[in-house]
Amino acid sequence: MSLLRRVLILSHRYAGLVLGLLVVMWFATGIVMMYAGGMPRLTPQMRLARLDDLDLSRVRLTPEEAARAVGAGGGDWAPSVELLTVMERPAYRVGGVTVFADTGELMDEVSTREARRIASRFVGAQEDRIHHVGTLTRVDQWTIEQSQALPLYRFRVDDPSATELYVSRNTGEVTTLTTRGRRALAWIGTIPHWFYFAALRENQPLWYDLVVWSSGAVCALALLGLALGVVQFRRTRPFRLSRAIPYSGWMRWHYVSGAVFGVFTLTWAFSGMLSMEPFAWTNATGLSVPRATFTGGPVDLAAFGAMEPSAWHDLLGGRPVREVGFARIQDEPYYVVRLAPEAQGEAAKRERLHQPYYITGRAERDRVLVHAGTLEPRLEPFSEASLLARLGTALPDAHVRAADLLTEYDAYYYSRARQTPLPVLRVKFDDPAETWVYVDPEMSQVLGTVHRLNRVERWLYNGLHSLDFAFWYDRRPLWDVGVLALLLGGLASSGLGLVMAVKRLRRGVVRTTARAGRPGGPAPAPVSETVAR
């Protein structure tokens with residue numbers, strides 16, 4: 001046996017022994033994540049659905065008065081302001097501070113009793129079924145990315161789903177909701193797959209290094225296996241596949257499956273590593289669209305007066321309001337009104353046709369823009385000409401190469417659940433980075449920018465990791481069948497390799513133990529010699 005072949009065999013064998021369990025785990029958890037998604041979280045849709053209706057008749061303060069109450073305002077940018085219901089009262093959120101809109105008083109820290117009541121209303125359960133588990137001053141497994149919201153009250157609900165939810169002590173807002181099922185799926189899916197353990201994630205540099213280096217090591221393991229597959233392949237004359245593979249039994253199956261699925265093991269490990277952006281080129285930037293491009297400047301809260309309940313009732317056809325934002329869009333003041341989720345069924349659809357903010361043929365919306373000066377809903381998107389003119393003014397050194405209004409997703413702007421807005425204006429620039437800017441015509445705001453290296457990274461990461469190619473990604477179950485077949489093949493190949501490596505190690509230990517136990521057997525080597533070897 002040649003030296004190269006022996007080095008490849010031994011390197012692959014012992015690397016597989018060390019990394020095999022990790023590879024098996026990645027394939028198995030990848031299957032779970034196909035259907036379980038990521039970590040449990042409170043989606044914007046769920047949050048909106050569970051907010052209390054806003055009683056505009058109780059609102060006494062204007063947004064400007066609320067901002068003045070917290071000493072906010074001034075400077076180049078006004079704080080973000082939203083009007084919603086907090087603790088069954090209308091309230092403004094001004095840059096994270098809560099001002100009750102009925103009295104103008106600032107909200108103090110939420111007590112445990114008040115937080116329990118908030119949790120009770122949020123899940124629709126009696127307060128005696130809501131149990132305070134504890135108060136978090138450090139993130140736990142389900143609030144890893146919510147350190148800014150601390151401290152959080154944690155509650156458990158007596159319900160069949162074993163629901164748990166977290167309420168911010170500072171804002172009274174529910175930040176996270178989990179169920180037993182979602183937590184279980186996370187433990188057998190996302191958490192082990194991405195090493196998403198709370199204690200590890202708190203040490204960001206260690207977590208980063210662990211993901212990058214383990215992915216790189218598995219890439220090396222896959223490359224060794226593929227190289228070994230080529231070296232060990234016999235070229236027989238006449239050619240017979242059965243004689244070309246120099247193995248039998250389970251080793252033969254590992255060889256065949258590794259030759260086929262080892263390529264995908266390599267691409268999945270490599271693309272997983274790229275998700276951490278370990279290379280400098282992934283941090284390159286293209287054009288940066290200035291913040292004021294589509295707004296025209298900071299929000300002038302004085303443009304928003306008192307809200308007349310009857311006028312808003314007529315405007316929205318009686319549909320309940322859940323939240324109101326205040327925005328400046330193309331130099332004009334607009335209310336951004338979020339409504340209670342629409343009722344389902346044909347009768348509800350027919351009724352919506354008569355509501356002034358409903359646009360036939362567009363996706364169902366829980367958001368409507370209302371001009372603050374005229375109190376008229378905006379029924380049409382902002383014109384392409386206005387969007388392009390503002391981009392041209394903001395980026396005078398770059399020229400538009402192409403502008404297209406997309407009614408379907410392209411390869412760089414897409415969503416499996418079609419959550420991202422359509423239509424979208426895609427503007428391609430001739431700058432050195434070949435930047436593309438995606439603009440939402442309905443809200444006149446940038447949804448995303450991608451430059452040439454972003455597009456390369458998209459294929460190297462999403463393309464290789466999710467296999468989200470257009471020919472099958474939106475044609476389920478075609479994508480499911482293909483990806484499941486590849487994952488199961490990789491799982492079988494890595495599982496066989498791990499089992500055989502463990503058996504070989506066990507046989508070696510047994511032989512060594514037996515040899516050492518014989519009379520006259522070799523004496524144990526001195527410590528210094530053992531370390532040297």
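For the structure, see preceding data.
Now for a description of the structure that goes with this document.

The rules behind these values
Residues numbered from 1 in each chain as written. Predicted model: local features only at pLDDT ≥ 70, side-chain atom pairs only at ≥ 80, totals over all residues. Heavy atoms only, no water. Pairing = 2+ DSSP bridges. Helix = DSSP H or I, 4+ residues; strand = E, 2+ residues; numbered from the N terminus. Axes fitted to C-alpha atoms, helices over the stretch in contact; angles between N-to-C directions. Parallel < 35°, antiparallel > 145°, perpendicular 65-115°, else oblique. Left-handed = near helix turned anticlockwise from the far one by under 90°. Contact = heavy atoms within 4.5 Å. Patch = residues over 30% accessible without salt bridge, like charges linked within 9 Å, V, L, I, M, F, W, Y side chains within 5 Å. Areas by Shrake-Rupley, 256 points an atom, 1.4 Å probe, with all protein chains shown as cover. Salt bridge = Lys/Arg side-chain N within 4 Å of Asp/Glu carboxyl O. Buried < 20%, exposed > 50% of the residue type's maximum accessible area, 1.4 Å probe, protein only. Polar contact = N/O pair within 3.5 Å; in protein donor to acceptor, adjacent residues only side chain to side chain.

Some details on the sheet that holds strand 8 (residues 321–329)
The antiparallel open sheet is built from six strands, whose spatial order is 3-2-1-8-9-10. Each having just a single partner strand, strand 3 (97–100) and strand 10 (367–371) make up the two edges of the open sheet. The sheet shows a mean angle of 25 degrees between the axes of neighbouring strands, direction not considered. The pairing of strand 9 (residues 332–339) with strand 10 spans five bridges and is classified as antiparallel. What sits directly across from Y335, in strand 10, is V370.

Description of the packing of helix 10 (residues 249–274) against helix 14 (residues 452–466)
One can describe the packing of helix 10 onto helix 14 by two numbers: an axis separation of 8 Å at closest approach and a directional angle of 130 degrees. In terms of orientation, helix 10 lies oblique with respect to helix 14. Both helix 10 and helix 14 take part in a crossing whose hand is left-handed. Listed contacts from helix 14 to T267, W268, F270, S271, G272 and L274 of helix 10 are E457, L460, Y461, L464 and H465.

Considerations on the sheet that holds strand 12 (residues 424–429)
Taken together, the four strands give an open sheet; going across it, the order is 11-12-13-14, and neighbouring strands pair in antiparallel fashion. Looking at the sheet topology across the chains shown, the edges are occupied by strand 11 (400–406) and strand 14 (445–450). Strand-to-strand twist across the sheet, computed as the mean angle between neighbouring axes with direction ignored, equals 20 degrees. With four bridges connecting them, strand 12 and strand 13 (residues 436–440) associate as antiparallel partners. Its bridge partner lying in strand 13, L425 is registered against V439. Across the sheet, helix 13 (residues 384–394) is in contact with strand 11, strand 12 and strand 13; its angle to strand 12 comes to roughly 35 degrees.

Digging into the environment of L136
Within the secondary structure layout, L136 lies in strand 4 (residues 130–136). The spacing of L136 and R154 is 18 residues in sequence and 7.2 Å in space, taken between C-alpha atoms. Discounting chain neighbours no more than four positions away, the residues touching L136 are T143, L150, P151, L152, R154 and Y166.

Brief notes about a nonpolar patch on the surface
There is a patch of nonpolar side chains on the surface, built from L185, W187, I188 and F197 and spanning about 370 Å² of accessible area. Take F197: it is sitting in the loop between helix 6 (190–193) and helix 7 (198–201).

As for unusual backbone geometry
Glycine aside, the phi torsion of most residues is negative, and most peptide linkages are trans. With an omega of -5 degrees, the peptide bond running from L422 to P423 counts as cis. Although it is not a glycine, M87 adopts a positive phi angle of roughly 55 degrees. Within the secondary structure, M87 sits in the loop between strand 1 (81–86) and strand 2 (89–94). The backbone of F195 sits at a positive phi, close to 55 degrees, despite the residue not being glycine. Secondary-structure assignment places F195 in the loop between helix 6 and helix 7.

Digging into the side chain of S415
Mapped onto the elements, S415 comes out in the loop between strand 11 and strand 12. According to the relative accessible area criterion, S415 is buried, its value standing at 13%. There is a polar contact of 3.0 Å between the side chain of S415 and the backbone nitrogen of Q419.

Details of the pattern of salt bridges
A complete count under the given rule lists 25 salt bridges for this structure. Taking the shortest distance from any N to any O, the salt bridge between E173 and R93 comes out at 3.3 Å. Separated by 80 residues along the polypeptide, E173 in the loop between strand 6 (164–168) and strand 7 (174–178) and R93 in strand 2 bring together distant segments of the chain. For E173, a relative accessible area of 25% puts it in the partly exposed group. For the salt bridge of R138 with E202, the shortest nitrogen-to-oxygen distance reads 2.8 Å. Within this pair, whereas R138 is found in the loop between strand 4 and strand 5 (152–157), its partner E202 is found in the loop between helix 7 and helix 8 (204–232), the two being separated by 64 residues in sequence. Overall, R138 belongs to the exposed group, its relative accessible area being 55%. In this structure, a network of salt bridges that share partners links the residues R47, R93, E173 and E323.

Things to note about the environment of Y166
You can see Y166 is positioned in strand 6. Y166 sits in the buried class, given a relative accessible area of 0%. Separated by 289 residues in the primary sequence, Y166 and R455 have C-alpha atoms spaced 38 Å apart. Contact partners of Y166, with chain neighbours within four places excluded, come to L136, D140, W142, T143, L152, Y153, R154, E173, V174, T175 and T176.

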